[in-house]
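# Results of the structural survey
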Amino acid sequence: MMKLYLDFDPCQECNTMMAELSSPEMLFADQKKRADESAKFLRHLTYNHNEVVQAVMEDLPKQKRDQEFDFFK
Ligand SMILES: [Zn+2]
């Protein structure tokens, strides 16, 4: 998932949230807490960095096509 953010220039808020998401506390947090934090970050991206969300959406079908292509090789 994170590879999709390669061309993305994170703002201060992004940096804070990404640091929180990869912190040891979060890695050992329960599933719900991690899902909540991921959802918060995704919401921030949607409102503040919509071009990233667009890029992710455009990339997904392409990945699916690549997988199907592999399947038929
Ligand atoms: Zn941001």
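Above this text you will find the structure in question.
First things first, this report covers the structure right here in the doc. (Residues numbered from 1 in each chain as written. Predicted model: local features only at pLDDT ≥ 70, side-chain atom pairs only at ≥ 80, totals over all residues. Heavy atoms only, no water.)

## Describing the coordination of the zinc ion
Within the protein, Cys11 (SG), Cys14 (SG), His44 (NE2) and His49 (NE2) serve as the donor atoms for the zinc ion, at 2.0 to 2.2 Å. Coordination at the zinc ion is tetrahedral, judged from the 4 donor atoms that bind it and the angles of 101 to 121° they form at the metal. We note that the donor set of the zinc ion lies within a single chain, spaced as C-x2-C-x29-H-x4-H. Taken together, the residues span a long stretch of sequence, with Cys11 in the segment before helix H1 (12–21) and His49 in the loop between helix H3 (31–48) and helix H4 (50–72) at a distance of 38 residues. Assessed through its relative accessible area of 28%, Cys11 is described here as partly exposed. (Donors = N, O, S within 2.8 Å, 3.2 Å for Na, K, Ca; no water. Tetrahedral: all angles 85-135°; square planar, octahedral: opposite > 155°, others 65-115°. Helix = DSSP H or I, 4+ residues; strand = E, 2+ residues; numbered from the N terminus. Buried < 20%, exposed > 50% of the residue type's maximum accessible area, 1.4 Å probe, protein only.)

## Observations regarding the nonpolar core
One finds Phe8, Cys14, Met17, Phe41, Leu45, Val52 and Val53 forming the largest nonpolar core, which totals 7 residues. Mapped onto this core, the elements with two or more residues apiece are H1, H3 and H4. Once residues lying within four places of it in the same chain are set aside, the contact partners of Cys14 are Phe8, Phe41, His44, Leu45 and His49. (Core = buried A, V, L, I, M, F, W, Y, C linked by side-chain atoms within 4.5 Å. Contact = heavy atoms within 4.5 Å.)

## Things to note about the side chain of His44
Mapped onto the elements, His44 comes out in helix H3. With relative accessibility at 7%, the residue His44 sits in the buried group. The residues touching His44, leaving out its near neighbours within four places in the chain, are Cys11, Glu13, Cys14, Met17 and His49.

## Some remarks on the pattern of salt bridges
Tallying each qualifying case throughout the model produces 3 salt bridges. For the salt bridge of Asp36 with Lys32, the shortest nitrogen-to-oxygen distance reads 2.8 Å. You can see Asp36 and its partner Lys32 sitting in helix H3, 4 residues apart, about one turn around the helix. You can call Lys32 exposed: its relative accessible area is 57%. The residue Lys33 makes a salt bridge to Glu37 at a minimum N-O spacing of 3.7 Å. Taken as a pair, Lys33 and Glu37 lie in helix H3 at a separation of 4 residues, close to a single helical turn. Assessed through its relative accessible area of 40%, Lys33 is described here as partly exposed. Note on Glu37: relative accessible area 13%, which makes it buried. A single salt-bridge network, built from bridges that share partners, covers Lys33, Glu37 and Lys40. (Salt bridge = Lys/Arg side-chain N within 4 Å of Asp/Glu carboxyl O.)

None of the figures reported here should be taken as evidence of function without further support.
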